[in-house]
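This is what each chain is made of:
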Amino acid sequence: MDRETLLGLGPYSLSKAEKAALYREELTALTRRHRARCPEYRRLLDALGYWEEDGLEEAEIPMLPVSIFKELELRSVPEDAVFKTVTSSGTTGQRASRIFLDADTAAAQQRVLYRIVSDFIGERRLPLLVLDSKKVLRDRAMFSARGAGVLGFSIFGSQSCYALDDGMRLDLKGIRDFLGAHRGERVLCFGFTYIVWKHVVQALEALGEELAIAGGVLIHGGGWKKLAGEAVSPAQFKERVRQSLGVETVCDYYGMAEQTGCIYMECPCGRLHASVWSDVLVRRPGDFSLCEPGEPGVLQVLSPLPLSYPGHSLLTEDMGVLLGEDDCPCGRLGKYFAVTGRVPRAEIRGCSDTYEG
């Protein structure tokens, strides 16, 4: 399938059989492309004993551990073709992953992000309250995953307001002025889970303040490991967010710097959905065989989008369970699943990066 046709598909429009055929073609071609253009990737495939074949099934595509991007410079384009480098680091002192994007890959990922999120909130731009500090956007060439997320979601804003100052303190007056200027309008809020919790929800509670974003929607992702450590469940998070912000809808998503744009949005039924531009497999930790639906295992994520780096088949450090495919009550085709935690002893990392303040 040519690139433009691929990007023009409906986000949740392919059945199981249709998607299997698409991924057989696209992922086999990407494996061949990256092997030819990225010497480090070729050596990894050789070490895995991979022989180039045609028509590989999705589960047969060789996968790389996401941690490999901390160790190697994996790039399938010339250095001068790199348009943007996205970084995602672990705990303090850990080496950062580096994801090299050329202009075509960056544009495709941004376009896909727009198509996926628009399926949930509509195509009309909304007043955007960013539950973060503007300082995450200071370096426009070397983005953190957090900065890339904020910039990516800025395309949904007609006007934007940042809720936190450079010291990560709540700018309550600025927020209220912004909400007052858009009274009666639907407001979109975006932020990373841990930052929303610590610097917005807990800050409002400590001040004894509440916001009234009636009819608003919050989209958030990343940082669940830290909240689990504070014994905060997803249900508790949503309830406290609704009380503090007054939003109507709270929507989680799963995503990572290594496949920017291909996020897995939470539907109204509380399930994370794979779009046509991403897929998920669940593998047993012992031998990496495929799990049955309902059986927990390690998540593998796949995408036909990455052209500039070999990120099309990655083994994550997250545990999850496949819940079903093509039959979610929300009406979206494709797989739906839940993330259940981290692989034991995996370092804490995610879209919220290393922020501990």
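Residues numbered from 1 in each chain as written. Predicted model: local features only at pLDDT ≥ 70, side-chain atom pairs only at ≥ 80, totals over all residues. Heavy atoms only, no water.

## A word on the overall build of the protein
And then number 1: Check the secondary structure of the protein and you find ten helices and 15 strands.
And then number 2: A compact globule built from 357 residues should have a C-alpha radius of gyration of about 21 Å, and the protein, at 20 Å, falls within 12% of that.
And then number 3: Across its three principal axes, the protein shows a C-alpha extent of roughly 60 × 45 × 40 Å.
And then number 4: Partitioning the intrachain contacts of the protein with sequence separation of at least 6 by distance along the chain shows that 72% fall at a separation of at least 24.
And then number 5: Positive and negative side-chain charges of the protein, numbering 43 and 49 respectively, have mean locations separated by a distance of 4 Å. (Helix = DSSP H or I, 4+ residues; strand = E, 2+ residues; numbered from the N terminus. Rg over C-alpha atoms; globule rule 2.2 N^0.38 Å. Contact = heavy atoms within 4.5 Å. Lys, Arg positive; Asp, Glu negative; His and termini not counted. Charge placed at Lys NZ, Arg CZ, Asp CG, Glu CD.)

## Looking at helix H10 (residues 234-245)
And then number 1: Under the 1.5 Å per step criterion, the end-to-end length of H10 is 16 Å for twelve residues, consistent within 8% with the ideal 16 Å.
And then number 2: Among the residues of H10, Phe237, Lys238, Val241, Ser244 and Leu245 are the ones counted as buried. Angular distribution of buried residues about the axis of H10 spans 140°; they occupy a single face of the element.
And then number 3: Downstream of H10 by a residue or two, glycine 246 has a phi angle that is positive, lying close to 75°. (Expected span 1.5 Å × (residues − 1). Buried < 20%, exposed > 50% of the residue type's maximum accessible area, 1.4 Å probe, protein only. Arc of directions from axis to C-beta.)

## Comments concerning the state of the cysteines
By definition, a disulfide links the sulfur atoms of two cysteine residues through a covalent bond.
And then number 1: Counted according to the given criterion, the structure contains zero disulfides.
And then number 2: With no disulfide of its own, cysteine 161 lies 9.8 Å from the sulfur of cysteine 189, the closest cysteine sulfur.
And then number 3: The thiol of cysteine 328 is unpaired, and the distance to the nearest cysteine sulfur, on cysteine 330, comes to 3.6 Å. (Disulfide = S-S within 2.5 Å.)

## Digging into unusual backbone geometry
And then number 1: In this structure, methionine 168 is a non-glycine residue whose phi angle is positive, near 65°.
And then number 2: Summarising the element assignment, methionine 168 is placed in the loop between strand S6 (157-164) and helix H7 (172-181).
And then number 3: Taking the relative accessible area as the measure of exposure, methionine 168 reaches 4% and is therefore buried.
And then number 4: Although it is not a glycine, phenylalanine 288 adopts a positive phi angle of roughly 65°.
And then number 5: With respect to the helices, strands and loops of the structure, phenylalanine 288 is situated in the loop between strand S12 (279-283) and strand S13 (297-302).
And then number 6: Given a relative accessible area of 36%, phenylalanine 288 falls into the partly exposed group.

## A few points about the packing of helix H2 (residues 16-37) against helix H3 (residues 39-47)
And then number 1: The contact between H2 and H3 brings their axes to 5 Å, and the two run at 115°. Taken together, the axes of H2 and H3 are roughly perpendicular relative to one another. Residues Thr31, His34, Arg35, Ala36 and Arg37 of H2 lie in contact with H3, whose contacting residues are Pro39, Tyr41, Arg42, Leu45 and Asp46. (Axes fitted to C-alpha atoms, helices over the stretch in contact; angles between N-to-C directions. Parallel < 35°, antiparallel > 145°, perpendicular 65-115°, else oblique.)

## So, the nonpolar core
And then number 1: Of all hydrophobic cores here, the largest spans 77 residues; its most connected members are Val117, Phe153, Ile219 and Met265.
And then number 2: Looking at this core element by element, the count peaks at eight residues for helix H5 (residues 103-121).
And then number 3: Here phenylalanine 153 is in contact with Leu113, Val117, Leu128, Phe190, Ile219, Tyr253 and Ile263, once residues within four sequence places are set aside.
And then number 4: Counting residues in hydrophobic clusters, the runner-up holds 28 residues, among them Leu129, Ala163, Phe178 and Val241. (Core = buried A, V, L, I, M, F, W, Y, C linked by side-chain atoms within 4.5 Å.)

## Brief notes about the environment of leucine 302
And then number 1: You can see leucine 302 is positioned in strand S13.
And then number 2: Under the relative-accessibility criterion, leucine 302 is labelled buried at 0%.
And then number 3: For leucine 302 and leucine 315, which are 13 residues apart along the polypeptide, the C-alpha to C-alpha distance reads 8.9 Å.
And then number 4: Residues within four places of leucine 302 in sequence aside, it is in contact with Tyr23, Leu27, Glu58, Gln259, Tyr264, Trp277, Ser278, Asp279, Leu281, His312 and Ser313.

## Points about the packing of aromatic side chains
And then number 1: Following the criterion strictly, the structure yields twelve aromatic pairs and no others.
And then number 2: Taking the centre distance of 4.1 Å and the plane angle of 15° together, the rings of phenylalanine 153 and phenylalanine 190 count as stacked. Separated by 37 residues along the polypeptide, phenylalanine 153 in helix H6 (residues 145-153) and phenylalanine 190 in strand S7 (residues 188-192) bring together distant segments of the chain. Here the two residues phenylalanine 153 and phenylalanine 190 agree in accessibility, since each one is buried.
And then number 3: Members of the aromatic cluster, joined through ring pairs, are Tyr114, Phe153, Phe156, Phe190, Phe192 and Tyr253.
And then number 4: One residue, arginine 75, lies across the ring of phenylalanine 100, its end atom 5.9 Å from the ring centre. (Phe/Tyr/Trp six-rings, centres within 6.5 Å; stacked < 30°, edge-to-face > 60°. Lys NZ or Arg CZ within 6 Å of the ring centre and 35° of its normal.)

## Observations regarding the side chain of glutamate 58
And then number 1: Among the structural elements, glutamate 58 can be located in the loop between H3 and strand S1 (64-65).
And then number 2: By relative accessible area, which is 13% here, glutamate 58 ends up buried.
And then number 3: Setting aside residues up to four positions removed in sequence, glutamate 58 forms contacts with Tyr23, Leu27, Asp279, Leu281, Leu302 and Lys335.

## Digging into the pairing of strand S14 (residues 313-325)
And then number 1: Taken across its 13 residues, S14 has eleven buried, putting it largely inside the fold.
And then number 2: Of the strand pairs in this sheet, S1 and S14 are connected by two bridges, and their pairing is parallel. Paired with leucine 64 across the strands is leucine 314, a residue of S14.
And then number 3: Here five bridges tie S13 to S14, and the two strands are oriented antiparallel to one another. When the sheet's bridge partners are listed, leucine 302 is paired in S14 with serine 313. (Pairing = 2+ DSSP bridges.)

Everything listed is a geometric property; what it means functionally is a separate question.
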